[in-house]
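Chain and residue survey
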Amino acid sequence: MKIFNELWNRVGLITKLTKELADTGTQLGKTAMMKYMYILQEVFDVPLGYRFSLYTYGPYCSDVLSDLDYTEVLGGVRICPVDAGMGGYSIRPTDGTDEYIKKSESFLSENEESINTVIKLFGGMTARELELRSTIIYLYKTYLQNDWKIGKDEIAENVQELKPYFSIGEIRKAYDELKKMRIFERIVQR
């Protein structure tokens, strides 16, 4: 029963994020959804039960994509391929979105403050911006767990080794933004 409830909570969260982020002006795709789920679980303690590892576009868990596909099959969201620009996918609300939000009302209500904070802090970011920030968070957590020296320069150098298409300046700026958002404080307090 726990696994079923966990899946239902995930479906509710996917539909809630899709609805809330629909009007941000940025494309909500699979990569962005992955990063929102990572940040919610790993920084804001929303109990989703995912196991993330570092992958091409930052923290990744195949179960997020499975849950997203399942949510589409249920009719909670619509996933449309995007041909223009960078391509990818656009996740959009459907007529059934509110139904699945309502079915997870208790879970969403318990985590409302965290969900709203993540939407407020990260809601207008592109998938690329979310990729960079979630990778910084992932490395920060890894450094913390291993009692390694944590600093902007160490993190920036490691991120650039993993993702050379981000400049050191861009990485440092994102690190500073996360620090200003107090994301690192949340991680340390966990």
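These remarks concern the structure in this document.

Cut-offs applied
Along every chain, residues carry numbers that run from 1 in the direction the sequence is written. It should be noted that, the model being predicted, local features are given only for residues of pLDDT at least 70 and side-chain atom pairs only at 80 or more, the latter also being counted only at that level, while totals for whole chains, interfaces and linings use all residues. As a convention, hydrogens and water are excluded, and side-chain values are obtained from all of the structure's heavy atoms. Here a helix means four or more residues in a row that DSSP labels H or I, a strand means two or more in a row labelled E, and each is numbered from the N terminus. When a residue's accessible area, from a 1.4 Å probe over protein chains only, is under 20% of the maximum for its type it is buried; when over 50% it is exposed; and in between it is partly exposed. Within this document, salt bridges are pairs made up of a side-chain nitrogen of Lys or Arg and a carboxyl oxygen of Asp or Glu, the two lying within 4 Å of each other.

1. Description of unusual backbone geometry
For Asp-45, which is not a glycine, the phi torsion comes out positive at approximately 60°. Locating Asp-45 in the fold gives a position in the loop between α2 (30-42) and β1 (53-55). For Asp-45, a relative accessible area of 43% gives the class partly exposed. Backbone geometry at Arg-182 places phi at a positive 70°, although glycine is not the residue there. Locating Arg-182 in the fold gives a position in the loop between α9 (168-180) and α10 (183-189).

2. A short note on the pattern of salt bridges
Summed over all chains, the structure comprises 13 salt bridges. Salt-bridge contacts for Glu-6 lead to Arg-10; the nearest nitrogen and oxygen are separated by 3.5 Å. Of this pair, Glu-6 and Arg-10 both sit in helix α1 (residues 2-21), four residues apart, roughly one helical turn. In this structure, Glu-6 and Arg-10 share a single accessibility class: buried. Here Lys-16 makes a salt bridge to Glu-20, at a shortest N to O gap of 3.5 Å. Of this pair, Lys-16 and Glu-20 both sit in helix α1, separated by four residues, roughly a single helical turn. Accessibility expressed as a relative area gives 18% for Lys-16, which makes it buried. Looking at Glu-20, the relative accessible area reads 36%, which means it is partly exposed.

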